[in-house]
Structures are given as structure tokens and as C-alpha cells.
Amino acid sequence: MAKSKPSVDSAADDVARRIIDQTGGRIRLALPLGLGKANGIVNALTRAACADPQISLTILTALTLQRPAAKAGLKRRFLEPAADRLFGRYEPILYAQMIEEGTLPANIQVREFFFQAGYWLGNAYAQRHYISANYTHALTYALDFQPNVVAQLLARDDDGRTSLSCNTDITVDLLAARRQGRAEFIFAAEINENLPFMGGPAVVGDGEVDIMLEPDTSFELFSAVRQPVSLQHIAIGLQVSQLVPDGGTLQIGIGSIGDAIAQALLLREHKNEDYLSLFDACPFPDGAPEQHRARFEEGLYSVTEMLVGGLLELFESGIIRREVDGAAIHAAFFLECRDFYRRLREMPVATRDRIAMMPVSFTNSLYGDEEKKRAARRDARFVNNAMIVTCLGAAVSDGTGDGQVVSGVGGQFNFVSQALELEGGRSIITLNATRESNGKTVSNIRWNYPHMTVPRHYRDIVVTEYGVADLRAKTDEQCIAAMLDIADSRFQQGLLEQAKRAGNRPGLRNQRRPAPEYGGPAELLAGPRPPQGPPAALSLRHRLHGSRTASSAGIVCPETGGQIENRPGAARGKGIDVRAGRGRLPGKARA
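Cut-offs applied
Note that residues are indexed from 1 along each chain, following the sequence as it is written. pLDDT decides what is reported in this predicted model: residues at 70 or higher carry local features, side-chain atom pairs at 80 or more are listed and counted, and totals for whole chains, interfaces and linings draw on all residues regardless. Side-chain numbers come from the whole structure's heavy atoms, not from hydrogens or water. We define a salt bridge as a contact between a side-chain nitrogen of Lys or Arg and a carboxyl oxygen of Asp or Glu at a distance within 4 Å. Only DSSP runs of H or I with at least four residues qualify as helices, and only runs of E with at least two residues qualify as strands; both kinds are numbered from the N terminus onward. Think of it in three bands: with a 1.4 Å probe and only protein chains considered, a residue is buried below 20% of the maximum accessible area for its type, exposed above 50%, and partly exposed in between. Definition used in this section: a nonpolar core is a set of buried Ala, Val, Leu, Ile, Met, Phe, Trp, Tyr and Cys residues joined via side-chain atoms within 4.5 Å. Here a cavity means grid points, on a 1 Å grid over the protein atoms only, where a 1.4 Å probe fits yet cannot get out; a pocket means an open set of points with protein on both sides within 12 Å along at least five of seven lines; lining residues are those with an atom within 4 Å of a point. Grid points are joined across faces, edges and corners, and a volume is the space filled by probe spheres set on the points.

1. Here we look at the pattern of salt bridges
Side chains bearing opposite charge may pair, as long as their charged atoms lie close to each other. According to the stated counting rule, one finds 28 salt bridges in the structure shown. A salt bridge links D325 to K372; its shortest N-O distance comes to 3.1 Å. A residue pair is termed long-range when its members are at least 10 positions apart, and D325 in the loop between α11 (309–316) and β11 (329–334) and K372 in helix α15 (residues 370–376) qualify at 47 residues. Residue class for D325 comes out exposed when judged on its relative accessible area of 58%. The exposure class assigned to K372 is partly exposed, which follows from its relative accessible area of 40%. Salt-bridge contacts for R426 lead to D460; the nearest nitrogen and oxygen are separated by 2.6 Å. Residue R426 is found in strand β16 (residues 426–430), and its partner D460 is found in the loop between β19 (445–446) and β20 (461–464); the two are separated by 34 residues along the sequence. A relative accessible area of 2% places D460 in the buried class.

2. Brief notes about the nonpolar core
In terms of nonpolar packing, the biggest core is built from 124 residues, with L29, Y95 and F334 touching the most fellow members. Membership of the second largest hydrophobic core comes to 26 residues, among which are A395, V409, I445 and W447.

3. Regarding unusual backbone geometry
Of note in this structure, L63 is not a glycine but carries a positive phi near 50°. Structurally, the position occupied by L63 is in the loop between β3 (56–61) and α3 (74–87). Classification of L63 by relative accessible area gives buried; the value is 10%. Look at D325: it is not a glycine, yet its phi comes out positive at around 55°.

4. Regarding empty space enclosed by the protein
In this structure the tally under the stated criterion is six cavities of 30 Å³ or more. The volume enclosed by the largest cavity comes to roughly 170 Å³. Looking at the largest cavity, it is lined by 17 residues, and the ones nearest its centre are L31, L60, F113, A142 and I170. At the level of secondary structure, the elements contributing two or more residues to the lining of the largest cavity comprise β3, α6 (138–145) and α7 (171–179). The element that contributes the greatest number of residues to the lining of the largest cavity is α6, accounting for three residues.

As C-alpha cells, this is what we get:
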């Protein structure tokens, strides 16, 4: 269907009319995830469908971006200028506004496989039209959808070449499918001068674009607000940073935990003495399965579905420098703040070309040239955030217990699975130990939960601000012990009681008797466990929760037969004594 030269218009409504004429008004539109949506084109098609009920418009997409909006009046007048500074003057997407208002006409249907986090909770239409999908399966679902139009925002360089820029994720493979005769669609492109031009696989080949919109003025790109990094996230970032080996492979996600991990790695590289002193000052024993705290000699390579600000900082600082096929970073999409886009635009071409934008079939999967991918992705550390993790190691990242979708699976399961398939690879799930809900502090570590994103048989490493739980190849009782050890002390006792009530688990004693105060993992483990090394987790427990004391007198240790009790200094996180054997256990005194 592609021609040597596209038809070019400066008005979006003219582009929409071309598309309607060529499709007969039966439009099956595929839009990329996040930033790469051709807002002008899709809005013009939406207006046309609203004006003419005979037009059928069905949209398949993901992560429709919306700025927060205030209702009319004084609040709106104050909020809008601030929103412009924070999120940019991003052109609103009309179909999303109508879904929110409940005014979407019957001849327009929108399906999404990933949501802007939390935005569509409680919206019946959005929830009903959500598609649950791993990111690597999205291409298959898109081909099954049989789009007759694909519309995307493109960058353009001084030579007139165009680039998929922020979204090579699915479009690279869709265009390949069209060339192979497995798909037939109009490729409609909208030029945006604010998009960074990314080279390599992101460059659009001659004759690929059928219809092009060149607006007189490009809208501002959506700017994701970077949140301040909390003390809890600083602690999590420090814990994760020591798990990353020199010469390894790194993937991290968006958000303040990812930023904290990047900053901890920068500290490790540039101020190593200060970095080491944080571990020396930590009051809690170390549950990390390994310690990598030296400066980087070889540097890191990154393969990630999402290129985030933290990874860009590590690249610019020289920590991410190990190259694979000429690239230090392989990524599938990006969505960040306006400073991130500016830095990419202003980066020297030779430097920017070391960031290769790829399809998710490359970044999120080992299929296709598997031997080469395995060799490149050595010592992988794939780090992803969760909302909840159960004591048995299942992670909840995308939905609520009653079936409401918060965001989506995205590529999290892909990277968890990939880490377990790679020699030397580890999957790391991070989360705050607690959160505030309806004015109360609740634990993010639960005994169980009605929904899961990553099942417990994929459990590996979990990190909270209180430490590291190594769950790989551990028994259920060992997992319970490790998860209790990184839970907030206010909830350890209740979690232990739930574990005991669950049934005849080896090592769970006194199942028909009231559970005593939690005395550490020795309460759960039936077999011997070696003494732990010096503390290595940056704990903020006492700053966050104040000083409280714990009483665990009278608990018998199944390892030694001795009595477990708080010894002097335990309230400062110095550990617990086992009277008879004096073995140091990795338990946390209740702060």
C-alpha cells in the first residue's frame, strides 16, 4: 500500500478525510503506547466520527496520556498554568476526554492494554475495554486486530529523514509484517519537531509513510513529572545498587525508585568511600545474596523496554558503557520529562546513536538470535516495582483485589521470566514496606491477595527499605521468614499469625496456640541457618516510625532449643540473641 512519496497535508482534518475516503469510513486504528500517538490525526478522526454516525472508529492502543484537569472556576484558573509548566502544553486526546465524561458515541470504541497508572480506576467503560497482555504479546494482538490504519508521531532530522523516535516498540514489527504481506494498513505519520531523532532501527524507510501531517506548529510533548525521592526509596536504591555486578546488564523502570537506584550507582562510582560508609552505618543485618560495592571497571550494558531518566544519567556519566553491536542501551520506548527530551535532542549524533531504539520483541524476549542475546545479557539485573508482594513471593503490580485495573502488566512479567532464563540473571522486585490508605498505615507485604501479576513460582529477590529477601529456590517457610524480615515491624506479628493459621507447614510451631511476638526468622525455620554478616541495609525505620520496643521473651528457637530474647541494643536494630548457641539471626527488632 505504501507509495514512493506520501501525500502531505498541514491540516489534521484533511488527513482524516483522506483516511476516511481510503477506508470507506470503517476505520480500525492502531496507535502506539504513550508518547508516540499522532494526537492531531486521532483527534481529527474522532471529530469526524462524532459528526457522522455512519463512520465506525475502533481504536487499539495503550497508555493514553492525560493531564490532570480541574473543573471550571478559580481552581481551574490556578491549576492550568501549573499544569502547563509540569506536563507541557500537550494536546488533549479527545476520545479519552469523552470516556472520562461518559460521552463517547456508540460508533467509537477504544481498547487499551495498559493504563496511565490509577487514572481509570472506577471508570466502567475503560475497565470493560481493557485487554490484559504481556508487552511481547501486544504485536500478536495488534495483528489479530487487523488494523487498516496505523498512526504515529515521528521525528525528522535536517536531512528530511523520519524516525519512530520514542516508539519502536510495536511499530517496527508492524511495518515489517506489512512488508512481508502479513498485514495491510495505511501508515499515517504526524511530524513533531520536539521529538528527538533516534537513528538505527528507528529510522523509517523510504516509501513506508502513506499519509503525512506536517502541522504549522508542533504540540508540546507530554512531560512526566519526576517525583521527589523519598527516604524509603533512597534506602531501596542503596540496597539494589549492591546487587548490580560490574560488567552486567541493567533494566530499571520509571519513578522515584528507579531514580534512587541510579543515584546510588552514581554514588558507588564517583564517591565510593561515602557509598561504603552508608553500609557501615546500617543497623540491620544483610540479607543480600551478594555484594558488589566497588567502582565499575568494565561498566554496564542496558536492555530495557523503557528508556528512563535514571538510565540516561548512568549513560551520560559513563557507568553504562559496555556496548553490544555498537549500543550501550537497547530500549523500546521512552516517556519522560521535557529536560530528558531536550538532552536527547542536543546530544551529539555519535553519542545518541549508542542508544538504539528497538522493538519489544528484541528487548523483552530472548527469542530470535537467542545465543547472541544470552551472551550479551550476562549478569542481568532486571528491576521492577510492585504494589504488593505476598509472603510466598507473588507480586501484585497492575490491579486491585476486586479486579479493577490500575495500570497493566506491560513488560514486567517478560523481564521477570527473562531474568530466570539467563545464566547469572536475577529479577528484583522493589516496593515500600507500607503505604497510607484512608488515613491508616497498611502493609504492602501481605499473606495473600486475590490478584497477582507475577506468580510465586517466579519469585527471586524482593527489596524494601528494610532490606533484601532472597527467595530464589527457597522453600515456602524460608520465603515466609525472609519476607517477614523485610516487613515493617508493626505488621510482622500479624503476618506470622496468618502463616501459622495457614496449615501444617514444616517449621511452623504452636499452630493451635496464640502466636507470640515475632522474634525473627528463627521462629519459622526448622533447619539451621548460618550467622549473618555485618549490617548492610540503609534502614530508616526509626526516623520514619519513632522508637518502640519489642518483647519476644519466651520464644524457643527451633535451631538450638535456646530462648530468643531481645538483648540490649536490639531496639536500635542490633539483632537478637539466641541463648544457647548465641547465633546471630537476621531478624529485625521492633523499632
